[in-house]
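Okay, here's what each chain looks like letter by letter:
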Amino acid sequence: MIPDAVVPRTATATPATGQGRLIGALVGTNAAGYTSIAVPMNLLLVTHLTAIAGAGATSAFSLVTGIGGLVGLLANPLGGRLSDRTAARFGRRRTGILTGGLGAAIVLVVLGWTTEVWQVALGWALVTTRVMFQLAASAALAADQVAPERHGAAWGVVAFVAPAGPVAGFAAVSALPAVAWLQWAVVGALSAVGVLVTVLLVRDPQHRAPAGERLNPAVILRSYWVSPRKHPAFGWAWAVRFPGLRVHPAVRGRGRRGSGGDLPADADRDRLRRRDGLADRLALGPDPAAEAVRARRRGRARRRAATDFALCLQMLPDPESAGKDFAVLNIASTLPVAVVPFVAPALLAAGGFFAMFACLAVLSVAGAVCVLRVPDIGQEGQPRFAAITVKRG
């Protein structure tokens, strides 16, 4: 084994799937995953728990979604590890996407027949687990087969098109009679369609898992850790994600923010090899003007997500563990969501909304500082950036 070395990220082999088909597959699997989570979280769980628990629906919803969030946080790296090690002839990424996505779709159908809160909690935990396995394999598929110089453009398409899945889900459910089992079944069917489209489009050669390592508790625990000392650029990318940030497109040479980050601009950034950026720095209060700013920020979120994803793909230290490593980066994004509900009450009691949003602003600035250590494509060897260490066999 050659020791870890600082090497640039370049395309070394022709991807198994054509880039057009691959982008279509990534749209399909992400649309399916978003639909499986977003439609129940924003509609079906609320109405279903209201019918089951009545006045206790609010507490029941908090319990169900809290358990689902915790399970999802733990499941994503485990799903990535399993995807990395899958040696099925069907392909390691296709297997993860198919079993994860169809498993979630089946449980969604079953949820429509639940009659107790504990049944909903168990079902939702299973849905979250399966979707996290699916999305871990999906991210690894992009790491495996999207050409490095096309990361931004490819994920720009995915970030803009995949949210059509939940939109279709909401529209379909709204057009149906208020029959629980039928609404849940339609969401499950829509998710299954996206998964099937993905596995039909993707070519995923059989992978030979490394010999000598078996899954055991120690191996599973190691799935949740990538040493920032051995892989410093990865560590800085994790730190950028932790405050809930997404790298914002910018052109450093001009010293000002880029012009908008639509799809052509994403492709231009690939050609210009610019993927660093500045983080959002605005702390907002609960007033109409703040809500207007939030709405505009949500409109830019998809553009930031494309750049963020492309940046993070560059930081993965080992092609053999891309699923697990990208899932570890996802922990940085999801962990604050789990922590904030416990910290926010104390901040609100101490200083109201000003204290809470000031704390978020400090974290945002910290993330913006961290991004200065993350190298751009073609700049990996420059001493002002942290080194990217890539394991080569």
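Because the structure is predicted, anything quoted here is derived from the model rather than measured.

Draft legend 1. Examining the packing of helix α1 (residues 19–53) against helix α7 (residues 180–201) more closely. The contact between α1 and α7 brings their axes to 7 Å, and the two run at 165 degrees. With respect to each other, α1 and α7 are oriented roughly antiparallel. In this structure, α1 crosses over α7, and the sense of that crossing is left-handed. Residue composition of the contact of α1 with α7, by class: 12 nonpolar, 10 polar and one charged.

Draft legend 2. Just the confidence of the model for the protein chain, in detail. Of the residues in the protein chain, 77% reach a pLDDT of 70 or more, and the chain-wide mean stands at 79. For the protein chain, the element scoring lowest by mean pLDDT is strand β2 (residues 248–251), at 31; helix α3 (residues 92–111) scores highest, at 97. Confidence over residues 7–12 falls short of pLDDT 50; this stretch has 16 contacts with residues more than four positions distant or in other chains. A low-confidence stretch, residues 268–288 (pLDDT under 50), is modelled with 67 contacts involving residues beyond four sequence positions or located in other chains.

Draft legend 3. Representation of the environment of L176 in the model. Take L176: it is sitting in the loop between α6 (164–175) and α7. Under the relative-accessibility criterion, L176 is labelled partly exposed at 25%. Residues L176 and V186, spaced 10 residues apart in sequence, show a C-alpha to C-alpha distance of 9.2 Å. In this structure L176 touches L182, Q183 and V186, once residues within four positions along its chain are discounted.

Draft legend 4. Inspection of the pattern of salt bridges at higher detail. Under the criterion given, the structure shown has four salt bridges. Its salt-bridge partner being R92, residue D144 comes within 4.0 Å of it at the nearest N-O pair. Highlighted residues: D144 in helix α4 (residues 117–145) and R92 in helix α3, separated in sequence by 52 residues. Overall, D144 belongs to the partly exposed group, its relative accessible area being 32%. Since its relative accessible area comes to 8%, R92 is described here as buried. Two residues, D144 and R93, come together in a salt bridge whose shortest N-O distance is 2.6 Å. Here R93 lies in helix α3 and D144 lies in helix α4, a separation of 51 residues in the sequence. Overall, the relative accessible area of 0% leaves R93 in the buried class. A single network of salt bridges, built from pairs that share partners, joins D84, R92, R93 and D144.

Draft legend 5. Quick peek at α1. Here α1 spans 48 Å end to end across 35 residues, near enough to the 51 Å set by a 1.5 Å rise per residue. Its maximal kink placed at P40, α1 deviates by approximately 55 degrees. Two residues or fewer after α1 comes G54, characterised by a positive phi angle close to 60 degrees.

Draft legend 6. Here's a closer look at the environment of A25. Mapping A25 onto the fold places it in helix α1. For the pair A25 and L200, spaced 175 residues apart in sequence, the C-alpha to C-alpha distance is 8.2 Å. Once you skip the residues sitting within four places of it in the chain, A25 turns out to touch T198, L201 and V202.

Draft legend 7. Spotlight on the packing of α1 against helix α2 (residues 57–85). Interhelical geometry of α1 versus α2 gives an angle of 130 degrees and a closest axis separation of 9 Å. In terms of axis orientation, α1 runs oblique to α2. Handedness of the α1/α2 crossing: right-handed. Contact residues: M41, L45, V46, L49, T50 and A53 in α1; A57, A60, F61, V64 and T65 in α2. Looking at the contact of α1 with α2, its residues break down into nine nonpolar, two polar and no charged.

Cut-offs applied
Residues numbered from 1 in each chain as written. Predicted model: local features only at pLDDT ≥ 70, side-chain atom pairs only at ≥ 80, totals over all residues. Heavy atoms only, no water. Axes fitted to C-alpha atoms, helices over the stretch in contact; angles between N-to-C directions. Helix = DSSP H or I, 4+ residues; strand = E, 2+ residues; numbered from the N terminus. Parallel < 35°, antiparallel > 145°, perpendicular 65-115°, else oblique. Left-handed = near helix turned anticlockwise from the far one by under 90°. Nonpolar A, V, L, I, M, F, W, Y, C, P; charged D, E, K, R; others polar. pLDDT = per-residue confidence, 0-100. Contact = heavy atoms within 4.5 Å. Buried < 20%, exposed > 50% of the residue type's maximum accessible area, 1.4 Å probe, protein only. Salt bridge = Lys/Arg side-chain N within 4 Å of Asp/Glu carboxyl O. Expected span 1.5 Å × (residues − 1). Bend = angle between axes of the 7 residues up to and from the residue.

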